[in-house]
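Working through the structure, step by step
Here is what each chain is made of, one letter per residue.
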Amino acid sequence: MLHGALIGCGFFAINQLNAWRDIAARDGSADIVALCDTNAERLAEVAAAFGISRTYTDAAEMLERETLDFVDICTTAPSHRALVELAASRKLPAICQKPLAPTIEDARAIVDACEKAGITLMVHENFRWQSPLMAVRDILASGRIGRPFWGRVSFRSAFDVYAGQPYLATGKRFIVEDLGVHVLDVARFLFGDVLGLTARLARVNPDIAGEDVATMMLAHENGVTSVVDCSYATRLEEELFPQTLVEIDASEGSLRLSAGYQLTLTSRTGGVERHDLSPPLLPWASKPWHNVQESVLLIQKHWVECLLAGTRPSTSGDDNLKTFALVNAAYESAATGATIQLRDV
């Protein structure tokens, strides 16, 4: 069994702890043996809820005292560089929440520190691990609808995300950095790397500091053009949070992943297939979060498999730099009105 420690016991960490407990119960391949959070009261509450007795308010002290195989960092972006570099100094593999860092410079420094230490780094980009989106990727890889030439990845909602994470309302950068990083990563996951990006951003909610609407057009290296759009200001008849919708047009047909995880495949000859890709409701999960919660379990299982096999994770640090570059390009494009050409990062 791999023994890990989790740093940060906030809103999203509960999902990660539930998933770690699931993994420990299912196959015993990994568990969390220690927790760290600077908020002593919150730390005590979470430790009691998950039966973890070894707790710390200082990460350096925890890594000094504990015998660990990895560390799971579930804090906000400004703390990531210091914490990952601390793990690297102890030769500890690290899984880190997104966004990897506040700036691309810090993100590169994080990746460099892990490479120099010879440790594995994975970024918790959990959207691409949602089972409906993985199914879409499998269909593309199978060639069933031919060669894609156009796509859309869409996340539009009016869900009150600020209630559970009030800090989201205070940052000058919001939807692209917090949500768009996931949706842009899905576009890369489905259609490949990107040559150029054009973006337009807007702030609809007057009570927040950053943008809550983003529309981005991506030119992929393989010739696909995709549209990535995100909104937390879209009121619909049916609230779809936290579903990601996908449209793909290809040489031999089309694919639509629509509301309610309903997949429609249409062939060039007019044949139609329909499939229900609804994710399972895990015992510790709750709707509508269950698709995200299942993805947390899947990504952490992938992390364990990679550590045990000595292989590079799908969402490794260097891979995530390419997604991070798209986030930066979106803000630059919106500020200048220009299409940003992506270069090696």
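Look up a bit, the structure's there.
Cut-offs used in this document
Residues numbered from 1 in each chain as written. Predicted model: local features only at pLDDT ≥ 70, side-chain atom pairs only at ≥ 80, totals over all residues. Heavy atoms only, no water. Axes fitted to C-alpha atoms, helices over the stretch in contact; angles between N-to-C directions. Helix = DSSP H or I, 4+ residues; strand = E, 2+ residues; numbered from the N terminus. Parallel < 35°, antiparallel > 145°, perpendicular 65-115°, else oblique. Left-handed = near helix turned anticlockwise from the far one by under 90°. Contact = heavy atoms within 4.5 Å. Nonpolar A, V, L, I, M, F, W, Y, C, P; charged D, E, K, R; others polar. 1 Å grid on protein atoms, 1.4 Å probe; cavity = no way out; pocket = protein on both sides within 12 Å on 5 of 7 lines; lining within 4 Å. Points joined across faces, edges and corners; volume = space filled by probe spheres on them. Expected span 1.5 Å × (residues − 1). Buried < 20%, exposed > 50% of the residue type's maximum accessible area, 1.4 Å probe, protein only. Pairing = 2+ DSSP bridges.

Some thoughts on the packing of helix α1 (residues 13-26) against helix α8 (residues 290-309)
In contact at an axis separation of 9 Å, α1 and α8 are set at 55° when each is read in the N-to-C sense. Our classification of the angle between α1 and α8 gives oblique. Of the two elements, α1 crosses α8, and the hand of that crossing is right-handed. Contacts from Asn-15, Gln-16, Ala-19, Trp-20, Asp-22, Ile-23 and Arg-26 in α1 reach Gln-293, Val-296, Leu-297, Gln-300, Lys-301, Trp-303 and Val-304 in α8. Class assignment for the residues of the contact of α1 with α8 results in seven nonpolar, four polar and three charged.

With respect to the layout of surface pockets
Roughly 1000 Å³ of volume is contained in the largest pocket. Taken together, 48 residues make up the lining of the largest pocket; nearest its centre are Thr-75, Thr-76, Gln-165, Tyr-167 and Asp-178. Here the element with the most residues in the lining of the largest pocket is helix α7 (residues 175-191); it accounts for four residues. When its residues are assigned to classes, the lining of the largest pocket shows 27 nonpolar, 14 polar and seven charged.

Observations concerning empty space enclosed by the protein
Scanning the entire structure with this criterion turns up one cavity of 30 Å³ or more. Size it by volume and the largest cavity reaches roughly 50 Å³. Together, Pro-99, Ala-101, Pro-102, Arg-173, Glu-177, Val-181, Phe-324, Val-327 and Asn-328 line the largest cavity. At the level of secondary structure, the elements contributing two or more residues to the lining of the largest cavity comprise α7 and α9 (317-336). Split by residue class, the lining of the largest cavity holds six nonpolar, one polar and two charged.

Here we look at helix α5 (residues 104-117)
Compared with the 20 Å implied by 1.5 Å per residue over 14 residues, the 20 Å span of α5 between its first and last C-alpha is a close match. By the burial criterion, the buried members of α5 are Ile-104, Ala-107, Ala-109, Ile-110, Val-111, Ala-113, Cys-114 and Ala-117. Looking at the buried positions of α5, the neighbouring elements they touch are α4 (80-89), β6 (121-123) and α9. Count one or two residues on from α5 and you reach Gly-118, which has phi positive near 70°.

Some details on the sheet that holds β6
The six strands are arranged β3-β2-β1-β4-β5-β6 in an open sheet whose pairing can be described as parallel. In this open sheet, the two edge strands, each paired with only one partner strand, are β3 (54-56) and β6. For this sheet, the mean inter-axis angle between neighbouring strands, taken without regard to orientation, is 25°. Pairing analysis gives three bridges linking strand β2 (residues 30-36) to β3, with the strands arranged parallel. Within the sheet, the bridge partner assigned to Leu-35 lies in β3 and is Thr-55.

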